[in-house]
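# Summary of the model geometry
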Amino acid sequence: MEGLLPLWKERGMTSHDCVFKLRKILHTKKIGHGGTLDPDVDGVLPICIGKATKVIEYLTDSGKTYQGEITLGFSTTTEDKSGEVVEEQAVTERISEEKIDQIMASFIGEITQIPPMYSAVKVNGKRLYEYARNNEIVERPSRKAQIYRFERTSELNWDQEKGLLSWRFEVDCGKGTYVRTLAVDTGKKLGFPAHMSDLTRTASAGMNQKQAITLAQVAEYMENGTISEYLLPIEAGVAKFPRVDISEAVWQKVKNGMRLDYNVFGLSTMPDQEIALFYQDKVVSIYQPNPKEKDKLKPSKVLRNEV
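Residues numbered from 1 in each chain as written. Predicted model: local features only at pLDDT ≥ 70, side-chain atom pairs only at ≥ 80, totals over all residues. Heavy atoms only, no water.

### Overview of the UniProt feature "domain: Pseudouridine synthase II N-terminal" (unreviewed entry) in the protein
- Here the UniProt-annotated "domain: Pseudouridine synthase II N-terminal" (unreviewed entry) positions come out as residues 23-179.
- This span, residues 23-179, is 16% helix and 38% strand, and a straight line between its end C-alpha atoms measures 29 Å. (UniProt positions renumbered as here; feature names shortened; annotations may be inferred. Helix = DSSP H or I, 4+ residues; strand = E, 2+ residues; numbered from the N terminus.)

### Some details on the UniProt feature "active site" (unreviewed entry) in the protein
- Taken from the UniProt record, the annotation "active site" (unreviewed entry) applies to Asp38.
- Following the sequence through the fold, Asp38 ends up in the loop between strand E2 (31-33) and strand E3 (42-49).
- Dropping the residues within four chain positions of it, Asp38 is found in contact with Lys9, Met13 and Arg180. (Contact = heavy atoms within 4.5 Å.)

### Here's the deal with empty space enclosed by the protein
- Using the criterion set out here, one finds one cavity of 30 Å³ or more in the structure.
- Space inside the largest cavity adds up to approximately 60 Å³.
- Taken together, Arg11, Asp40, Val41, Asp80, Lys81, Met196, Ser197, Asp198 and Leu199 make up the full set of residues lining the largest cavity.
- A class-by-class count of the residues in the lining of the largest cavity yields three nonpolar, one polar and five charged. (1 Å grid on protein atoms, 1.4 Å probe; cavity = no way out; pocket = protein on both sides within 12 Å on 5 of 7 lines; lining within 4 Å. Points joined across faces, edges and corners; volume = space filled by probe spheres on them. Nonpolar A, V, L, I, M, F, W, Y, C, P; charged D, E, K, R; others polar.)

### A word on the environment of Ala52
- In this fold, Ala52 is placed in the loop between E3 and helix H2 (56-60).
- The class for Ala52 is buried, based on a relative accessible area of 0%.
- Between the C-alpha atom of Ala52 and that of Pro233, which follows or precedes it by 181 residues, the distance is 8.1 Å.
- Excluding residues within four positions of it along the chain, Ala52 makes contact with Gly3, Leu4 and Ile234. (Buried < 20%, exposed > 50% of the residue type's maximum accessible area, 1.4 Å probe, protein only.)

### Quick notes on the nonpolar core
- Formed by 46 residues in total, the largest nonpolar core has its most connected members in Leu22, Ile47, Leu72, Phe150, Trp167 and Val171.
- Dropping the residues within four chain positions of it, Ile47 is found in contact with Gly3, Leu4, Leu5, Leu7, Val19, Leu22, Ile31, Gly32 and His33.
- Of all hydrophobic cores here, the second largest spans 19 residues; its members include Cys48, Val55, Val238 and Val283. (Core = buried A, V, L, I, M, F, W, Y, C linked by side-chain atoms within 4.5 Å.)

### Quick word on unusual backbone geometry
- At His27, a residue that is not glycine, the phi angle is positive and equals roughly 55°.
- Looking at where His27 falls in the secondary structure, it is placed in the loop between helix H1 (15-26) and E2.
- With a relative accessible area of 65%, His27 lands in the exposed category.

Shown next, in the form of structure tokens:
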């Protein structure tokens, strides 16, 4: 069995839990996921099965869409509702929708984030959450993230008695974006401690909520023999690359990992990015410019050496 499975991860499970269960359900060890989801977050988790595990890195690098909720009034250790409260400041006056929309729009583009302490980012060989659990303070490296769209999708909900203000949002973002941190930073710009009070990933790596199936459904479809109907081909995992179809003669060279001039592939100019090579409608390799040899392309990943 091979292919890409759009799994709907339910809350209360880690991404690793899902892979562990799928190995038992699908009776195969060669399974990986393309993009971690926190236990408190549900949503689309791209799963790679068999030879499709070779494209995991391309799924992880791809864009994602989330729907969630931001709450002003207090912040937490984990930047979401599961953590301990670290700062409180009641929202005593209603903030205008216009101001919130303006602040959210200011994040569109390339932004700099400091990852939350409860995250898997490594510092000096240890993950940040390991430091956090030991109450150790460590300097966190800033990192760049890309925000393509960040919009409010509901009216404001102001709980005057509790001093909380919340609203729902949708965001399209690039790899490595911490949506929890985006919620906290939105609050900071509005002058209040904040946290991400809800989050669902609705799309990832070209897979969306409508395509996704749960673990229970995977088990059901595996039992009745229809699971293959819900798997996407490996080719879906390289959709972001320009496609180049090659001849049988070129295929004989490509499957041996040869470095080749760009014009061998029928290209009029040297590509400035990786390209996906297809033979007989199957993706066989990813090639990239070779900086050491002018006009030559080299394989960055061989996906198939037989068709």
